[in-house]
Amino acid sequence: MLPYTDRISYTTNPTTQRLFALMDEKQTNLCVAADVTTRAELLLLADILGPEICVLKTHIDIIEDFDDDLIIQLQRLSEEHNFLIFEDRKFADIGNTVKYQYQNGIYHIADWAHITNAHTVPGPGIIEGLKKIGLPKGRGLLLLAEMSSKGTLAKDSYTQETLEMAKQHRDFVIGFITTKKLLDDPMFINFTPGVQLTEGEDTLGQQYLTPKKVIGEYHSDIIIVGRGIYGSSNPLEEAKKYRERGWSAYQKTIASA
Ligand code: 5BU
């Protein structure tokens, strides 16, 4: 496994380049899933946790009091604390429709989300549609190669075909949602959700692995943590723990490579 900064030269995508650089600079491979439902809570988390994270992951459509100013404030915090914004939109329609979903509607996701993601169930047309909008803006797309939930159908040949689709769009597909590194190609970034400090499950099929396992054994790059952080009584203290565990697992892996 190469250090994050050494991987910059393998890609032409400006979002990947910025992400690898800021991860090494800030010494963090932590992405927080800020699954809160008001703008005040989201902005508070982004401000408090901003210095600890490389990426803030949003579900913008769960915000009850969304307005355009929320995006302006999020962008300001992203600049101030140097993190990227990942809207976990999980697009899943034909290319022509996802173009509108990405660019239009209330949220105008392509205007502010450095990263978004897509299912590959429709076939490669979904990547082509999103790319028409996102590539000129320097955005990056993650494909869902696997999911963290129990019984997921994203496995076996579905996962393999997803990797093949990514290879056909190296300018815009920047990596995967996956539990582990699947491709030995340093340009792709692997993001892993379903992370807590102890292994286990929630009551709705979410399955958790530890930062040590995800980074140290499965060689993923970024841990995505939601309730483990925002659900605790002291999110900042908890974020520091995840950051430390994720980063030390990365450092050990680099040292032994
Ligand atoms: P949690 O609270 O750490 O379980 O939240 C996990 C987040 O990651 C949540 O926002 C999910 O929507 C997201 N997620 C996931 O859990 N599993 C997946 O396979 C994908 C996204 Br894709």
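Residues numbered from 1 in each chain as written. Predicted model: local features only at pLDDT ≥ 70, side-chain atom pairs only at ≥ 80, totals over all residues. Heavy atoms only, no water.

Trainee: Got a minute to help me understand the site of the ligand in this structure?
Mentor: Around the ligand sit 15 residues, and of these Asp35, Lys57, Ser148, Tyr208 and Arg227 come closest. A distance of 2.7 Å separates an oxygen atom of the ligand from a polar atom in the side chain of Lys57. Contact between the ligand and Tyr208: an oxygen atom at 2.6 Å from a side-chain N or O atom of the residue. Compared with its free state, where it exposes 500 Å², the ligand has 91% of that area covered by protein. When each cavity is represented as a set of grid points, the ligand is found to reside in the largest pocket. Residue composition of the shell around the ligand, by class: 6 nonpolar, 4 polar and 5 charged. (Near = heavy atom within 4 Å. Polar contact = N/O pair within 3.5 Å; in protein donor to acceptor, adjacent residues only side chain to side chain. Areas by Shrake-Rupley, 256 points an atom, 1.4 Å probe, with all protein chains shown as cover. 1 Å grid on protein atoms, 1.4 Å probe; cavity = no way out; pocket = protein on both sides within 12 Å on 5 of 7 lines; lining within 4 Å. Sits in = over half its atoms within 2 Å of the grid points. Nonpolar A, V, L, I, M, F, W, Y, C, P; charged D, E, K, R; others polar.)

Trainee: Can you walk me through the pattern of salt bridges in this structure?
Mentor: Opposite charge on two side chains allows them to pair when their charged atoms are near. Across all of its chains, the model carries 18 salt bridges by this definition. One salt bridge in this structure joins Asp111 and Lys137, with 3.0 Å as the shortest N-O distance. One end of the pair, Asp111, is in the loop between helix 4 (95–103) and strand 4 (115–118); the other, Lys137, is in the loop between helix 5 (125–134) and strand 5 (140–144), and 26 residues separate them in sequence. For Asp111, a relative accessible area of 39% gives the class partly exposed. For the salt bridge of Lys131 with Asp171, the shortest nitrogen-to-oxygen distance reads 3.0 Å. Here Asp171 lies in the loop between helix 6 (156–167) and strand 6 (173–177) and Lys131 lies in helix 5, a separation of 40 residues in the sequence. For Lys131, a relative accessible area of 18% puts it in the buried group. The network of salt bridges with shared partners includes Arg39, Asp67 and Asp69. (Salt bridge = Lys/Arg side-chain N within 4 Å of Asp/Glu carboxyl O. Helix = DSSP H or I, 4+ residues; strand = E, 2+ residues; numbered from the N terminus. Buried < 20%, exposed > 50% of the residue type's maximum accessible area, 1.4 Å probe, protein only.)

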